[in-house]
Amino acid sequence: MSLTEGFEPKIIAFCCNWCTYTGADLAGLNRMKYPENVHVARVPCSGRVNPQFILRAFQKGCDGVMVCGCHPGDCHYSTGNYFTRRRFMLMKRMLEYNGIDPGRFHARWISGSEAAKFRDTVAEVSERLRKLGPNTKYREALREGADAGKGGAGI
Amino acid sequence: MSDRQEKMRQSAEKLLRDGEVGYVIGWGATRFCDRTTPVFIDSPEGAASLVWNEHAVNSLAKYLLDDKYPDKKIGLFARGCESRAVNRMIKDNQVKRESLYLIGVPCDGKSSDRCRLCRERNPLVYDVLLWEPEANAAPADRFERVRGVEAMSPDERYRYWGGVYDRCIRCYACRNACPVCSCRECYVDMGRTGFQGKQHSRSDNQIFGVTRAFHVGDRCIECGECERACPMGLPIMGQTQKMLKEINELSGEYECGLDADSDSFLGRFDLDDKDEFM
Ligand code: SF4
Ligand code: FES
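In this text, all values refer to a predicted model and were calculated from it rather than measured experimentally.

Rules and cut-offs
Residues numbered from 1 in each chain as written. Chains lettered and ligands numbered in written order. Predicted model: local features only at pLDDT ≥ 70, side-chain atom pairs only at ≥ 80, totals over all residues. Heavy atoms only, no water. Pairing = 2+ DSSP bridges. Helix = DSSP H or I, 4+ residues; strand = E, 2+ residues; numbered from the N terminus. Contact = heavy atoms within 4.5 Å. Axes fitted to C-alpha atoms, helices over the stretch in contact; angles between N-to-C directions. Buried < 20%, exposed > 50% of the residue type's maximum accessible area, 1.4 Å probe, protein only. Core = buried A, V, L, I, M, F, W, Y, C linked by side-chain atoms within 4.5 Å. Domains from an automatic or database assignment. Buried area = accessible area lost by both parts, 1.4 Å probe. Salt bridge = Lys/Arg side-chain N within 4 Å of Asp/Glu carboxyl O.

S.K.: How do you make sense of the sheet that holds strand 1 (residues 21-29) of chain B when you look at a structure like this?
M.R.: Each strand in a sheet pairs with its neighbour through backbone hydrogen bonds, running either in the same direction (parallel) or in the opposite one (antiparallel). Residue and element names in this part refer to chain B. Strand order in this open sheet of 5 strands is 2-1-3-4-5, and the pairing throughout is mixed. Of all the strands in the sheet, just strand 2 (36-41) and strand 5 (128-129) have a single pairing partner and so form its edges. Looking at chain direction, strand 4 (residues 100-104) and strand 5 are connected through 2 bridges and run parallel. The residue bridging Gly 104 from the neighbouring strand is Leu 129, located in strand 5. The strands touched by helix 1 (residues 2-17) are strand 1, strand 2, strand 3 (73-78) and strand 4; relative to strand 1, the strand with the most contacts, the crossing angle is about 155°. Contacts from helix 2 (residues 80-91) reach strand 1, strand 3 and strand 4 within the one sheet, and its direction differs from that of strand 3 by about 135°.

This is how it looks when you write it as structure tokens:
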């Protein structure tokens, strides 16, 4: 069976409790339709998200990862998302440098009232991932198959 | 050369005799003529075993983290790289300047590949300078290797790092040698938190590599100790240097350990930082 056949991407979205999670909630209250591919993980603040969560998510089989929080200036803990911003600006670049497609990692500021933005972002990300196909990089389960033993680039 | 060695021995001996320091960290001879080993001298007589030659390659600063609350000052021979490490450690609240006696020894160049990026041979902070400062040699192109990897396609980059980390034996020598790696307990040793798989697999190894770089990259003083320590000879500075390259591009000229006051990139923020997440 080909990997892309009937492929539905699996996305994990780390959403801060005070903004994006509320925004996602509002999307639900408003009966907005967004792709089921996204699994929301509630975190107290986007600053809670350890870059390793992203690596670990890819390893455990996610095709895409999102980190979402309050807009800069609106963080419930005042400064959490300013740290998030720096951290993930770097992390994003490190992922690309290590060969992960830039389409697989997204960070966005989505406030509690931006239900539509949440919906649109999720739709956009899952559309992009559908085109990219399943992620095999860093993936644990595929280690023995598609990916293992291919390496050995000259050092 | 031996003249300098003599000066080092004398100064260590005097410090120990006067009771100014509890012990001195320096280099000593080994069975091999092309190797030295870090030594901890705690008696005036012991100072005679100190050695200074082109094989004194180990950076000594890391040992300060093993004795953070010394009864007496610690004497440390400091070249450029040790002094940058000390600056960083002071800023990271790992050591106190008052508990150190830094014996400045301008470096005359060592026989190690780790020195290829060295841009500061002279100690930036010291209590005494044993001889005249040395002229700095022109360092190798700082980000040359990073640009080499950047030039590859994403899949090539993945395979490149996969190939590198396939060979990693997860000995953690890179972590142990790193002067800015200072957590009391390292996440790789926390077996049950689920942060890091212990398997020797490409996936776990690569994740270890990226995470290690992320933990130290914004404080990296570019001493090259990680690569020197790596028994597999892996080009792991390619990861930390990438962090520094990006930080340089995001926030301007950035180098660590030049003073003891500068915040690390990830330890602070600016309200008007670039924003790509709108
Ligand atoms: S020193 Fe080298 S082999 Fe050991 S853990 Fe670090 S990268 Fe892997
Ligand atoms: S509380 Fe939402 S980003 Fe900090």
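S.K.: Any chance you could explain the environment of Ala85(B) here in plain terms?
M.R.: Residues and elements named next belong to chain B. Structurally, Ala 85 is set in helix 2. Given the relative accessible area of 0%, Ala 85 is considered buried. Along the sequence, Ala 85 and Ser 59 sit 26 residues apart, while their C-alpha atoms lie 8.9 Å from each other.

S.K.: It is not clear to me how the sheet that holds strand 1 (residues 11-16) of chain A should be interpreted in this structure. Could you clarify?
M.R.: All names here are of chain A. Reading across from one edge, 2-1-3-4 is the order of the 4 strands in this open sheet, with parallel pairing throughout. Here the strands that pair on one side only, and so sit at the sheet edges, are strand 2 (38-43) and strand 4 (105-109). For this sheet the average axis-to-axis angle between neighbouring strands, irrespective of direction, equals 20°. Alignment of strand 1 against strand 3 (residues 64-69), held across 5 bridges, turns out to be parallel. Bridge pairing links Cys 15 to Cys 68 in strand 3.

S.K.: What exactly am I supposed to notice about unusual backbone geometry here?
M.R.: Working note: non-glycine residues mostly have negative phi, and peptide bonds are mostly trans. The phi dihedral of Ser78(A) falls on the positive side, at around 70°, and the residue is not glycine. Note on Ser78(A): relative accessible area 48%, which makes it partly exposed. Phi angles above zero are rare outside glycine, and Glu222(B) is one such case at about 60°.

S.K.: Mind showing me how you'd approach the nonpolar core here?
M.R.: In globular proteins that are soluble, nonpolar side chains generally tend to be buried together. Residues Ile54(A), Leu95(A), Tyr138(A), Leu64(B) and Phe77(B) are the most contacted members of the largest nonpolar core, which totals 96 residues. Ranked by residue count, the leading element in this core is helix 3 (residues 80-97) of chain A, at 7 residues. When residues of this core are assigned to domains, at least three map to each of domain 1 (7-129) and domain 2 (144-267) of chain B. Apart from the residues lying within four places of it in its own chain, the contact partners of Leu64(B) are Ile25(B), Ile74(B), Leu76(B), Val86(B), Met89(B), Val95(B) and Leu100(B). Counting 12 residues, the second-largest nonpolar core is a separate cluster that includes Met66(A), Val122(A), Val125(A) and Leu129(A).

S.K.: Hey, could you run me through the interface of chain B and chain A in this one?
M.R.: Contact residues are listed per partner, giving 54 residues for chain B and 43 residues for chain A. Three residues stand out in chain B for area buried against chain A, namely Tyr158(B), Phe269(B) and Phe277(B), and they jointly supply 19% of the buried area on that side. Counting the contacts that link chain B with chain A gives 8 salt bridges. Between Arg86(A) and Asp270(B) there is a salt bridge whose closest N-O contact spans 3.7 Å. If you list the elements that add at least two residues to the side of chain B that touches chain A, you get helix 3 (144-150), helix 4 (154-166), helix 6 (202-216) and helix 8 (237-251) of chain B. Broken down by element, the residue count for the side of chain B that touches chain A peaks at 10 residues, all from helix 4 of chain B.

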